[in-house]
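Spelled out, the chains give:
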Amino acid sequence: GSGDASRAWADWRLALWTLCSVLLPVLITAWCSFQRSRRQLLIRDIFRKSKHDWHYTDLFGSPSYCCVCAQHILRGAFCSCCGLRVCEACLKKADRRFLCKEIMMRGTAGAPGSMPHHWIRGNVPLCSCCMVCKQQCGTQPKLCDYRCVWCQYTVHDECMVDCLRTEDCTFGEFKDLVIPPYYLSAINQMRKEKRTNYEKVVPYCRKHWMPVMVLANTRSGNNMGEVFLGEFKMLLNPVQVFDLSKIAPAKALQLCTWLPCNAVRVLVCGGDGTVGWVLDAIDEMKIKGQERYIPQVAILPLGTGNDLSNTLGWGAGYAGEVPVEQILRNVMEADGIKLDRWKVQVTNKGYYNLRKPKVFTMNNYFSVGPDALMALNFHAHREKTPSLFSSRIINKAVYFFYGTKDCLVQECKDLNKKVELELDGERIELPNLEGIIVLNIGYWGGGCRLWEGMGDEPYPLARHDDGLLEVVGVHGSFHCAQIQVKLANPVRLGQAHTVRLILKSSKMPMQVDGEPWAQGPCTVTITHKTHALMLYHSGEQTDDDDASSLSE
């Protein structure tokens, strides 16, 4: 009997130990998970209430030290405006102790038209030099040396003297692009008093001041726009940097009315679609009677199709190879030019058609045929699974797939029998075609100069400011591919101030600036709408999608 009892006790002990060995890790994991989610809630709460623009990272990209406890940290929070870096444990202290960049001066600190440096200790850029002794800063593996969040000047701990703490900040290399906090305070006060004589306010009265606004589409190009927002906020006043996923361009551009007439420059970070969106908002400013505040537009190409950006010398696609400082220098040095913008009106056929005609604004090109079909197929798939289309390379591969598929199927054949084309009122006899492309700019299809072709005939260069459209025809998807690799020329149909295209029967794919749709019988009329003020970068343009002409 006692042997059975001891066996039973041994079995119970084994069962108990087994249960403990299973439950204990589960309980520890659940406790850790609870603590982590509680910690994340606390961090999110600090982020939400803070005046800093905090972001959390699991791994800093360079050696970093906590600005409170001075310990070396691999992960933690950083402010994308002032550059503070802090470990999780010290986040609350850092948020209370350190001020972020102020977009507007509080009270009457400093004389009007000046402000002192805003020094932050540690984590200075590795290549920076001390403004006092001209030796390299940030070389020691610890929290050391100072950086001004406005002018980006750096100073060694031992070179920091009291006079530097109170010295006026010059805003550094980009003083002509930055909107100083004291300027916004002065203008705000004047607007309250209903005064408009801004000319006397510094730096409004300065000759070379050309404040820049950055409008970034964070959904463009591998979500690189998110990174740029932070980098531009570090170099400029955060009030100059806008995320277009959170604020519409029309609202962002109202900042221009606080700034000198005809002096503002806008840098649009995104694809050609984002640029079109901003240019539409600028047209709205003209309607509101704000024509004298209209800015000039530069482009940082982050999208898939960057033909407008390539035409204006900003490159075919940016992948982070040029530092943000160089981009700002390029914006400062760029020349102002005009870009024709066109009205595309699509009127459906039929006696009983009571719907208003569809009206688009065109900056790049209009097309009917195989390239519009590729865009339509691509667009349909991107709408279904947007997460798959975050990479420029994947986007190009999908376009290639639909192009080769159309080569085999030939869905747009006999276009010349289905449409009539008029250039400046004159009917054009069409050869056997599958597609017609109407161009405003020099580049098409991701970096191909369509109108000039291979250059075996003396065709004048296409211009984007001459009030003329170039009209070409293509024989199909395979012909489009041959043109892109310079093995063939398009069928040049002519140049015109007004283009009229009549689709007599059946449905055809059409697109304006990459926005495709399937269109039944209709009349398409393209007429000049307005000019946009753009900035031209005189760097070398490229046919290669991976290269960029942003660097000098």
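Overview of the structure. For clarity, every value in this text was computed on a predicted model and none was experimentally measured.

This next bit is on the overall build of the protein. Counting its regular elements, the protein contains 13 helices and 26 strands. In the protein, the proportion of contacts linking residues at least 24 apart, taken out of those at least 6 apart, comes to 69%. When the accessible area of the protein is evaluated, it comes to approximately 27,600 Å², of which 56% is carbon and sulfur surface.

For the rest of this paragraph, the subject is the sheet that holds strand S25 (residues 515-519). Read across the sheet, six strands follow the order S22-S21-S18-S15-S24-S25 without closing on themselves; strand pairing throughout is antiparallel. Only two strands of the sheet have a single partner each, and these edge strands are strand S22 (491-496) and S25. Strand-to-strand twist of the sheet, defined as the mean angle between neighbouring strand axes without regard to direction, takes the value 15 degrees. Note: strand S21 (residues 469-474) against S22, five bridges, orientation antiparallel. Counted as the bridge partner of valine 472 is arginine 492 from S22.

All right, on to a nonpolar patch on the surface then. A cluster of nonpolar side chains, namely Leu19, Leu23 and Leu27, defines an oily patch on the protein surface of about 290 Å² accessible area. Along the chain, leucine 27 falls in helix H1 (residues 2-49). On the accessibility criterion, leucine 27 (53% relative accessible area) is exposed.

Where helix H5 (residues 224-235) contacts helix H9 (residues 324-333), the two axes come as close as 10 Å, and the packing angle between them is 70 degrees. Our classification of the angle between H5 and H9 gives roughly perpendicular. Considering only the axes of H5 and H9, their crossing is right-handed. Seen from H5, the contacting residues are Phe228, Glu231, Phe232 and Leu235; seen from H9, they are Val324, Glu325, Ile327 and Leu328. Grouping the amino acids of the contact of H5 with H9 by side-chain chemistry returns six nonpolar, no polar and two charged.

Turning to the environment of proline 63, a few remarks are in order. Within the secondary structure layout, proline 63 lies in the loop between strand S1 (54-57) and strand S2 (64-65). When near neighbours in sequence (up to four residues on either side) are disregarded, proline 63 contacts His72 and Asn123.

What follows deals with the sheet that holds strand S6 (residues 119-121). Reading across the sheet, the three strands line up as S6-S7-S8 and stay open at both edges, with antiparallel pairing between neighbours. Single-partner strands in this sheet number two, and they are S6 and strand S8 (154-155). Both strand S7 (residues 146-148) and S8 contribute to a ladder of two bridges, which runs antiparallel. Its bridge partner lying in S8, arginine 147 is registered against threonine 154.

What follows covers helix H4 (residues 181-192). Since there are 3.6 residues in each turn of an α-helix, residues three or four apart along the chain are aligned in direction. Taking 1.5 Å as the rise per residue, H4 with 12 residues should run 16 Å; its terminal C-alpha atoms sit 17 Å apart, in good agreement. Listed in full, the buried residues belonging to H4 are Pro181, Tyr182, Tyr183, Leu184, Ser185, Ile187 and Met190.

Moving on to the packing of aromatic side chains. Inspection of the entire model under this criterion finds seven aromatic pairs. Geometrically, the ring pair formed by phenylalanine 171 and tyrosine 182 is edge-to-face, given 6.2 Å between the ring centres and 65 degrees between the ring planes. Here tyrosine 182 lies in helix H4 and phenylalanine 171 lies in the loop between helix H3 (162-166) and H4, a separation of 11 residues in the sequence. The exposure classification of phenylalanine 171 matches that of tyrosine 182, with both residues buried.

Opposite charge on two side chains makes pairing possible when the charged atoms of those side chains draw close. In total, this model carries 14 salt bridges according to the counting rule given. The salt bridge partner of glutamate 193 is arginine 195, with a shortest N-O separation of 2.8 Å. On the basis of relative accessible area, glutamate 193 is assigned to the partly exposed category, the value being 41%.

This part covers unusual backbone geometry. Here alanine 70, not a glycine, exhibits a phi torsion of approximately 65 degrees, which is positive. The topology assignment puts alanine 70 in the loop between S2 and strand S3 (72-73).

Generally speaking, nonpolar side chains in soluble globular proteins are found buried as a group. Judged by nonpolar contacts, the single largest core of 104 residues is most densely connected at Val86, Tyr183 and Phe232. Ignoring anything within four residues of it in the chain, the contact list for phenylalanine 232 reads Val214, Val241, Leu267, Cys269, Val324, Ile327 and Leu328. With 30 residues, the next largest nonpolar core counts Val368, Leu423, Val438 and Met508 among its residues.

Taking 1.5 Å per residue as the helical rise, helix H7 (residues 272-287) with its 16 residues ought to reach 22 Å, and the 23 Å between its terminal C-alpha atoms agrees with that figure. Among all positions in H7, only Asp272, Thr274, Val275, Gly276, Val278, Leu279, Ala281, Ile282, Asp283 and Met285 are buried.

Conventions and cut-offs
- Residues take numbers from 1 onward in each chain, read along the sequence in its written order.
- Confidence filtering applies because this is a predicted model: local features only for residues at pLDDT of at least 70, side-chain atom pairs given and counted only at 80 or more, and all residues used for totals across whole chains, interfaces and linings.
- Hydrogens are left out, water is left out, and the side-chain values use all remaining heavy atoms of the structure.
- Secondary structure elements follow DSSP: runs of H or I no shorter than four residues count as helices, runs of E no shorter than two count as strands, and numbering proceeds from the N terminus.
- Residues are treated as being in contact if the distance between any of their heavy atoms lies within 4.5 Å.
- Surface accessibility follows the Shrake-Rupley procedure with a 1.4 Å probe radius. Residue values consider only the protein chains on display as shielding.
- Two strands make a pair as long as DSSP finds a minimum of two bridges between them.
- Helix axes are fitted to C-alpha atoms over the stretch in contact, other axes to C-alpha atoms as well, and angles between N-to-C directions run from 0 to 180 degrees.
- Each patch groups residues whose relative accessible area exceeds 30% and which form no salt bridge, using 9 Å between like charges and 5 Å between nonpolar side chains of Val, Leu, Ile, Met, Phe, Trp and Tyr.
- Throughout this description, the term salt bridge denotes a Lys or Arg side-chain nitrogen within 4 Å of a carboxyl oxygen of Asp or Glu.
- Whether a residue is buried, partly exposed or exposed follows from its accessible area with a 1.4 Å probe, protein chains only, as a fraction of its type maximum: under 20%, in between, or over 50%, in that order.
- These descriptions rest on fixed angle ranges, namely under 35 degrees for roughly parallel, over 145 for roughly antiparallel, 65 to 115 for roughly perpendicular, and the rest for oblique.
- With the far helix as reference, a near helix turned anticlockwise by less than a right angle produces a left-handed crossing, and one turned clockwise produces a right-handed crossing.
- Only Asp, Glu, Lys and Arg are considered charged in this grouping, and only Ala, Val, Leu, Ile, Met, Phe, Trp, Tyr, Cys and Pro are considered nonpolar; every other residue, Gly among them, is considered polar.
- A helix is expected to reach a length of 1.5 Å times the quantity of its residues less one.
- When two rings of Phe, Tyr or Trp (its six-membered ring) have centres within 6.5 Å they constitute a pair, described as stacked for plane angles under 30 degrees, edge-to-face for angles over 60, and tilted for the intermediate range.
- Working definition of a nonpolar core: buried Ala, Val, Leu, Ile, Met, Phe, Trp, Tyr and Cys residues. They are joined through side-chain atoms within 4.5 Å.

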